[in-house]
Each structure stands twice: as structure tokens, then as C-alpha cells.
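# Inside the fold
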Amino acid sequence: MAASAAAGSKIRNAKLVLLGDVGAGKSSLVLRFVKGQFVEFQESTIGAAFFSQTLAVNDETVKFEIWDTAGQERYHSLAPMYYRGAAAAIVVYDITNAASFTRAKKWVQELQAQGNPNTVMALAGNKADMLEARQVPMEEAKTYAQENGLFFMETSAKTATNVNDVFYEIAKRLLQGQQAQNPQKICMLQRCCRRLRTGC
Ligand SMILES: Nc1nc2c(ncn2[C@@H]2O[C@H](COP(=O)(O)OP(=O)(O)OP(=O)(O)O)[C@@H](O)[C@H]2O)c(=O)[nH]1
Ligand SMILES: [Mg+2]
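Everything quoted here is computed from the prediction, not taken from an experiment. (Residues numbered from 1 in each chain as written. Chains lettered and ligands numbered in written order. Predicted model: local features only at pLDDT ≥ 70, side-chain atom pairs only at ≥ 80, totals over all residues.)

### Thoughts on the overall build of the chain
Formally: Secondary structure follows DSSP: runs of H or I at least 4 residues long count as helices, runs of E at least 2 residues long count as strands, and numbering of each begins at the N terminus. The exposure scheme places C-beta atoms from the backbone and then counts, for each residue, the other C-beta atoms within 10 Å of its own, assigning buried at 20 or more, exposed at 12 or fewer, and partly exposed in between. By the convention adopted here, residues are in contact when the distance between their C-beta atoms, placed from the backbone, does not exceed 7 Å.
Summing up its helical and strand segments, the chain has six helices and six strands in all. Across the 200 residues of the chain, 38% fall into the buried class. For the chain, the share of sequence-separated contacts (at least 6 apart) that also reach a separation of at least 24 residues comes to 73%.

### What about the confidence of the model for the chain?
Worth spelling out the cut-off: Along the chain, pLDDT gives the predictor's confidence residue by residue, from 0 to 100.
In this model, the chain carries an average pLDDT of 88, and 84% of its residues clear a pLDDT of 70 or more. A low-confidence stretch, residues 1-5 stays under pLDDT 50, and its non-local contacts, those more than four residues away or across chains, total 12 contacts. Confidence over residues 182-200 falls short of pLDDT 50; this stretch has two contacts with residues more than four positions distant or in other chains.

### Re the nonpolar core
Cut-off, in case you're wondering: By convention the nonpolar core is taken to be a set of buried residues drawn from Ala, Val, Leu, Ile, Met, Phe, Trp, Tyr and Cys and joined through C-beta atoms within 7 Å.
One finds Leu16, Ala89 and Val91 to be the most contacted residues of the largest nonpolar core, which totals 51 residues. Not counting residues up to four positions away in its chain, the partners in contact with alanine 89 are Val17, Leu19, Tyr83, Leu111, Gly115, Thr119 and Met121.

### Some thoughts on the site of ligand 1
To keep things clear, this is the line we draw: By definition, a residue lies near a molecule or strand when the C-beta atom built from its backbone is within 6 Å of it. Residues were grouped as follows: Ala, Val, Leu, Ile, Met, Phe, Trp, Tyr, Cys and Pro as nonpolar; Asp, Glu, Lys and Arg as charged; and all remaining residues, including Gly, as polar.
In the region of ligand 1, 24 residues are neighbours, and Gly25, Ser28, Ser44, Thr45 and Gly71 sit closest. With three residues, the single largest contributor to the shell around ligand 1 is helix H1 (residues 26-35). Partitioned by chemical class, the residues of the shell around ligand 1 number seven nonpolar, 12 polar and five charged.

### Describing unusual backbone geometry
Despite not being glycine, alanine 160 has its phi angle at roughly 80°, a positive value. Topologically, alanine 160 is positioned in the loop between strand S6 (151-154) and helix H5 (163-181). Phi is positive for asparagine 162, close to 65°, though the residue is something other than glycine. Secondary-structure assignment places asparagine 162 in the loop between S6 and H5.

### Some points on helix H3 (residues 98-114)
Threshold: To estimate how far a helix should reach, multiply one less than its number of residues by 1.5 Å.
Counted at 1.5 Å a residue, the expected span for H3 with its 17 residues is 24 Å, and the 25 Å between its end C-alpha atoms agrees. Taken together, the buried residues of H3 touch strand S1 (11-20), helix H2 (79-83), strand S4 (88-94), strand S5 (120-126) and helix H4 (138-147).

### Let's talk about the sheet that holds strand S3 (residues 60-69)
The condition that has to hold: In this description, strands pair whenever DSSP reports at least two bridges between them. In this description, a line fitted to the C-alpha atoms serves as the axis of each element, helices being fitted only across the stretch in contact, and the angle between N-to-C directions of two axes falls anywhere from 0 to 180 degrees.
The six strands are arranged S2-S3-S1-S4-S5-S6 in an open sheet whose pairing can be described as mixed. One side of each edge strand has no neighbouring strand; the edge strands of this open sheet are strand S2 (48-57) and S6. Strand after strand, the sheet turns through a mean of 25° between neighbouring axes, direction not considered. In terms of strand pairing, S1 meets S4 through five bridges, oriented parallel. The residue bridging glycine 20 from the neighbouring strand is valine 92, located in S4.

### Quick word on the pairing of S5
Heads up, the condition is: Note on handedness: a clockwise path from strand one over the helix to strand two, with the strands aimed away from the viewer, defines a right-handed crossover.
Taking burial as the measure, the seven residues of S5 include seven buried ones, the bulk of the element. In S5, alternate side chains face the same way, and those of Val120, Ala122, Ala124 and Asn126 on one face and Met121, Leu123 and Gly125 on the other are all buried. Following the chain from S4 across H3 to the adjacent parallel S5, one finds a crossover that is right-handed. Bridge count between S5 and S6: four bridges; the pairing is parallel. Pairing of alanine 124 across the sheet is with methionine 153, part of S6.

Now the structure itself:
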């Protein structure tokens with residue numbers, strides 16, 4: 001895995017939004033992914049913050065345009081601006097905080113109701129380094145994610161566990177989805193089929 005663009009490859013831009021309860025670790029995950037850093041006392045986000053980072057997947061490159069939203073309830077009404085048109089969303093909760101998992105499920109519901117049905121959705125159970133304080137069982141989150149079509153990982157922005165992996169998995173799924181939807185390829189396939197049928 002490389003957090004950089006593959007030389008000479010085509011770049012695909014992808015809008016990605018992070019949603020989740022206040023203090024779940026959205027900004028910390030982004031800071032870890034984009035800058036490889038972690039700060040113990042990360043300030044609460046006001047409104048939203050923008051970052052970008054490229055990721056090479058095999059010989060293709062995804063350029064993530066990342067909107068790190070604010071978890072404070074007073075900013076809730078801004079969220080649609082960031083999740084509308086997003087190719088991917090990471091819903092974050094804190095494994096040591098059951099209320100943040102409840103909040104994460106509300107975000108998933110909102111995305112399912114108002115977001116784009118093709119959005120690749122991930123559920124990240126963050127602060128996985130604090131196992132002794134766990135309140136949300138991993139199995140419960142995994143089952144929830146499976147039932148709701150999200151992919152799930154426990155992460156730690158502090159130790160970097162699974163952070164690049166979440167973004168990498170999203171990039172992979174976006175590229176796979178793009179291939180499936182690529183009309184040129186479908187056209188070529190149809191032409192091939194026609195040729196096979198007619199023999200010309
Ligand atoms: N131990 C541990 N602490 C973390 C982790 N991720 C974030 N934190 C801490 O949790 C606090 C909140 O993290 P933020 O990244 O600001 O959370 P947020 O989701 O962006 O919060 P808002 O911007 O208020 O919505 C900070 O003090 C971080 O240092 C983690 O993986 N492990
Ligand atoms: Mg934040």
C-alpha cells in the first residue's frame with residue numbers, strides 16, 4: 001500500500017465525508033491518514049475541515065477530497081452539504097462510548113435516507129487502543145455493518161492501526177464500482193457478444 005500517487009497513472013477524484021459523534025476521532029483519523037500524525041488534545045472541529053490525499057491502488061490513483069465534519073449537534077444541519085455527492089463516507093464511533101455507536105447508527109440511517117445510494121460506506125470503531133475501556137462489542141458492530149451494507153474496521157488514530165486500511169479499502173471499492181459502471185467497457189462487451197453471435 002502506498003499513500004501516494006502511482007507515477008503516470010490516471011487520477012480519479014473522490015469526495016469522501018467523515019461523520020460521527022463529537023470526540024469519536026474523525027479529525028484524528030484524517031490527520032493520521034493525511035499527515036501521519038496524532039495529537040492527544042485535538043481541538044473539536046468547527047463547521048468542517050477540508051483535506052486531500054492521494055492513494056495508489058495497483059496502477060490506479062484515487063485522490064480523496066476529504067470533508068471532516070464537526071460532530072457537535074449545532075452543526076448537524078450543515079452535514080448534507082458534505083455528504084451529498086460524496087463517493088464515500090466513513091461513519092466513526094468511539095469503541096469506549098456506547099452513545100457514539102448509537103449516534104453512528106443515526107448517521108447511517110440519514111445517509112441511507114438522503115445520501116447517494118452508490119456511496120461506499122465504512123463504519124470505523126475508533127480508539128481501538130483503549131480495549132480496557134471498551135463499551136461497544138466488536139461483534140455487535142460487525143453484525144450491524146453487515147446488515148446495513150457497510151464495511152467495518154476497528155481503528156486507532158493513536159497507534160495508526162487500520163487507518164490507511166480503511167481508506168485503501170474504500171479506494172479499492174470505488175475503483176471496482178467504477179469498472180462495473182464503466183459504459184465504455186460495457187459497450188465493448190456488447191460489441192464482443194454481437195461479434196460472437198454474428199461471427200463477424
Ligand atoms: N486513545 C485514543 N484517543 C483518540 C483516538 N482518536 C482520537 N482520540 C482522541 O479523542 C479526542 C477527540 O478526537 P477528535 O479527532 O477531535 O474527534 P472528532 O470526532 O474530530 O471530534 P469533533 O471534531 O468534535 O466532532 C482527541 O483528544 C483525540 O486525541 C484514538 O484512536 N485513540
Ligand atoms: Mg473533529
